[in-house]
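Structural characterization, general
Letter by letter, the chains look like this.
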Amino acid sequence: MPFRRALGLLPLALLLLAWELAVQAKVYPPVLLPPPAKVLMVFVDDWDTVLGNAVASISRVAVGISLAFLFAVPLGLMIGRYRLLDTMTDWSIQIFRSIPPIALIPMALLFLGIGDKPAIALIFLAGTWPLLINTIFGVRGIERTLIKVARAARASEFLVMKDIILPASLPAIFTGLRLAVGGGWLTVVTAEMIAVKSGLGYMILNAQLTFRSDLIIAGIIVIGAIGLLADQAVRMVRAHVCRWQEGLTASPE
């Protein structure tokens, strides 16, 4: 298993090698494509700038995705459980989920102004739809036999929801959470380039204006690293919460 995990570093090592070869071949001038060593020095010389902006971005994503989770999961459980709610909301969900959050940046700025609020609102929207849709399909994928048995045992609707529907939907909910975190992370970087004066997106845009290509690449690396860590964190929580599913589903060999 450790060897298989190490294989995940192979594409990154090849990319680093190609980067170094491109620098040595002077494909682009150093002001556009700095060597890896210069980018590494950003984490030494400008670590406070990178850290402060990274914390700002992480905070916005954490708030936005948490709000999306608290809103989308209960709503998805209800829509998946009751056909009438599904009929009432299906068209609206399909329409609104097709609108990219980035397209709403002008509206967010008009209504919420410059600052954290528009970024958090856009992250909320980016995280809501994958969470909502995956929760709905998680409920729909539950075997009807389980609910029929609970009904035969005179279980209340609350107990059916708490003891059957919610636990059985957790794998799908966590899949939606992984997608939501990824979507929220992409959204915050874009929103920070336009609507916020801090964060990794703002740092990258400001670095472009000052011709700091090393800081741009460092910001991109941090974005990718945090995205990986966030996804791994969700996967670890899912493995713990849904450990009952182990051995019941197909997995890569």
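Note that the structure is a prediction, hence the values are computed from the model and not measured.

About the criteria used
- Residues numbered from 1 in each chain as written.
- Predicted model: local features only at pLDDT ≥ 70, side-chain atom pairs only at ≥ 80, totals over all residues.
- Heavy atoms only, no water.
- Helix = DSSP H or I, 4+ residues; strand = E, 2+ residues; numbered from the N terminus.
- Buried < 20%, exposed > 50% of the residue type's maximum accessible area, 1.4 Å probe, protein only.
- Contact = heavy atoms within 4.5 Å.
- Areas by Shrake-Rupley, 256 points an atom, 1.4 Å probe, with all protein chains shown as cover.
- Polar contact = N/O pair within 3.5 Å; in protein donor to acceptor, adjacent residues only side chain to side chain.
- Axes fitted to C-alpha atoms, helices over the stretch in contact; angles between N-to-C directions.
- Left-handed = near helix turned anticlockwise from the far one by under 90°.
- Nonpolar A, V, L, I, M, F, W, Y, C, P; charged D, E, K, R; others polar.
- Expected span 1.5 Å × (residues − 1).

Structural notes on the overall build of the chain
Check the secondary structure of the chain and you find eleven helices and zero strands. Along the chain, from the amino end to the carboxyl end, the secondary structure elements read α-α-α-α-α-α-α-α-α-α-α. Projected onto its principal axes, the C-alpha coordinates of the chain cover approximately 75 × 50 × 30 Å. Scored against the burial criterion, the 253 residues of the chain give a buried share of 37%. A fraction of 75% describes how many contacts in the chain between residues 6 or more apart in sequence connect residues 24 or more apart. Accessible surface, the chain as shown: approximately 15600 Å² in total, 71% of it carbon and sulfur.

Re the side chain of S57
Mapping S57 onto the fold places it in helix α4 (residues 47–81). Exposure remark for S57: the relative accessible area of 1% places this residue in the buried category. Reaching out from S57, the side chain makes a polar contact with the side chain of E192 at a distance of 2.8 Å. Sequence-distant contacts of S57, that is, excluding residues within four places in its chain, are made with W185, V188, E192, G199 and L200.

Quick word on unusual backbone geometry
Unusually for a residue other than glycine, K26 sits at a positive phi of about 55 degrees. In this model, F211 sits at a positive phi of 60 degrees, which is unusual for a non-glycine residue. Structurally, F211 is set in the loop between α10 (200–209) and α11 (213–241).

Observations regarding the packing of helix α5 (residues 83–97) against helix α7 (residues 116–140)
In contact at an axis separation of 11 Å, α5 and α7 are set at 145 degrees when each is read in the N-to-C sense. Once α5 is placed against α7, the crossing between them reads as left-handed. The segment α5 lies against α7, with D86, I93, F96 and R97 engaging W129, L132, I133, I136 and R140. When the residues that make up the contact of α5 with α7 are grouped by side-chain class, the tally is six nonpolar, no polar and three charged.

As for α11
Over its 29 residues, α11 extends 42 Å from the first C-alpha to the last, a length consistent with the 42 Å expected when each residue adds 1.5 Å. Among all positions in α11, only S213, D214, L215, I217, A218, G219, V222, I223, I226, D231 and V234 are buried. Taken together, the buried residues of α11 touch α2 (10–24), α3 (36–45), α4, α9 (157–192) and α10.

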